[in-house]
Amino acid sequence: MEVIIPLQPSECAGMEDIRREIDALDQTVIKLLGKRFHYVLAASKFKTSATSVRAPERLKTMLATRREWAEAEGLSPDAIEKMYSDLVNHFIAEEMKHWAAQHTASAMLPQESTPPAITFDKPIPILRMFDETKAREFYLDFLGFSVEFEHRFETGLPLYLGISRDGLQLHLSEHHGDASPGATVFVPMHNIEGLRDELLAKRYGYGRPDIVQQGWGQVLEVYDPFGNRIRFCQS
Ligand SMILES: C=C(O[C@@H]1C=C(C(=O)O)C=C[C@H]1O)C(=O)O
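Parameters and conventions
- Residues numbered from 1 in each chain as written.
- Predicted model: local features only at pLDDT ≥ 70, side-chain atom pairs only at ≥ 80, totals over all residues.
- Heavy atoms only, no water.
- Domains from an automatic or database assignment.
- Near = heavy atom within 4 Å.
- Polar contact = N/O pair within 3.5 Å; in protein donor to acceptor, adjacent residues only side chain to side chain.
- Areas by Shrake-Rupley, 256 points an atom, 1.4 Å probe, with all protein chains shown as cover.
- Helix = DSSP H or I, 4+ residues; strand = E, 2+ residues; numbered from the N terminus.
- Nonpolar A, V, L, I, M, F, W, Y, C, P; charged D, E, K, R; others polar.
- Expected span 1.5 Å × (residues − 1).
- Contact = heavy atoms within 4.5 Å.
- Pairing = 2+ DSSP bridges.
- Axes fitted to C-alpha atoms, helices over the stretch in contact; angles between N-to-C directions.

> Explanation requested: the domain arrangement of the protein chain in the structure shown.
Accessible area lost when the parts come together is the quantity often used to give the size of an interface. Here the protein chain is partitioned into domain 1 (16–108) and domain 2 (126–234). Put simply, the middle of domain 1 and the middle of domain 2, counted by C-alpha atoms, are 80 Å apart.

Written out as structure tokens, the structure reads:
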């Protein structure tokens, strides 16, 4: 391995030596400037405003110090100040970009800052019922609903039944506090004639519903054994 020992200026035998030494020094200077740059970027996390990023007072005093150091090395203070001024202005611009990315209003917002939109699912009417057998006969056998779930706090306590058919969900409750008989559920639907034919074919003992033409559409009403009615409507 070739070990290169730096030559003093007076030891250089020609331009080749001179330029090799200058290149080596400039490479070291630029490496050091690269290190310096990382300190400047790291400064941005302690800066609280765009003015503090520029830190004009610090810039002024540091340029003055570099002038003194230049003089001590036999260099022109003006030339060194100009060099530093150009360099530091470039660093400030980079620090500003870095700072803005960390500190602007949008960067400061928590990531999950957009609250989810408020939306509603389809409501589920709760209808009062007080005879499980009659409820099953009407809603399951006649209207063709299926049971989604059944709930009782314990055996012998009131039943709460979730039922559904083709997108229509109802809750039937034996709890007297949940609802009073006499409710009407308005159900927009499609193929009301198909439903009418299906219901008539059931030959249900307590109702033979037919379609009534109203101003707002065709209406078919059925009455449950507890005084509630379901008003199907196709418009
Ligand atoms: C690093 C700082 O931020 C800026 C960059 C400077 C630099 O490159 O030396 C000096 C002052 C500021 O303009 C600082 O405030 O010290």
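> What's the story with the site of the ligand in this structure? I'm lost.
Close to the ligand lie 13 residues; R36, K47, R54, I92 and E95 are nearest. One nitrogen or oxygen atom from the main chain of R54 is found 2.4 Å from an oxygen atom belonging to the ligand. In the complex, the protein chains occlude 87% of the 360 Å² of accessible area that the ligand would expose alone. Among the secondary structure elements, those contributing two or more residues to the shell around the ligand are α1 (15–43), α2 (50–54), α3 (56–72) and α4 (77–103). When residues of the shell around the ligand are assigned to their parent elements, the largest contribution, 4 residues, is made by α4. A class-by-class count of the residues in the shell around the ligand yields 8 nonpolar, no polar and 5 charged.

> Explain α3 to me, please; I cannot follow it from the model alone.
Compared with an ideal rise of 1.5 Å per residue, which puts 17 residues at 24 Å, α3 spans 25 Å between its outermost C-alpha atoms and is within 8% of the ideal. Contact partners of the buried residues in α3: α1, α2 and α4. G74 lies just past α3 and shows a positive phi near 80°.

> Would you take a moment to explain the sheet that holds strand β6 (residues 211–214) for this structure?
The strands that make up a sheet pair up through hydrogen bonds in the backbone, lying either parallel or antiparallel. Taken together, 4 strands build an open sheet; the order of strands is β5-β8-β7-β6 and the sheet is mixed. Looking at the sheet topology across the chains shown, the edges are occupied by β5 (184–188) and β6. Averaged over all pairs of adjacent strands, the angle between strand axes in this sheet comes to 30°, irrespective of strand direction. Inspection of the sheet shows β6 paired to strand β7 (residues 217–223) by 4 bridges, in the antiparallel sense. Looking across to β7, one finds that Q213 is bridged to Q218. Each of β6, β7 and β8 (229–234) is contacted by helix α7 (residues 192–202), which is oriented at about 30° to β7, the strand it contacts most.

> In this structure, what is going on with unusual backbone geometry? I would like to understand it.
With glycine set apart, most residues show a phi of negative sign, and most peptide bonds adopt trans. One non-glycine residue, A55, lies in the positive phi region at around 40°. Mapped onto the fold, A55 is located in the loop between α2 and α3. The backbone of R203 shows a phi angle near 50°, a positive value even though the residue is not glycine. With respect to the element layout, R203 can be found in the loop between α7 and β6.

> Would you mind going over the sheet that holds strand β2 (residues 146–151) with me for this structure?
Read across the open sheet, the 4 strands follow the order β1-β4-β3-β2; overall the sheet is mixed. The sheet is open, and its two edges are formed by β1 (126–128) and β2, each paired on a single side. On average, each strand axis in the sheet is inclined to that of its neighbour by 25°, with strand direction left out of account. In terms of strand pairing, β2 meets strand β3 (residues 160–165) through 5 bridges, oriented antiparallel. In the strand pairing of β3, H151 is matched with Y160.

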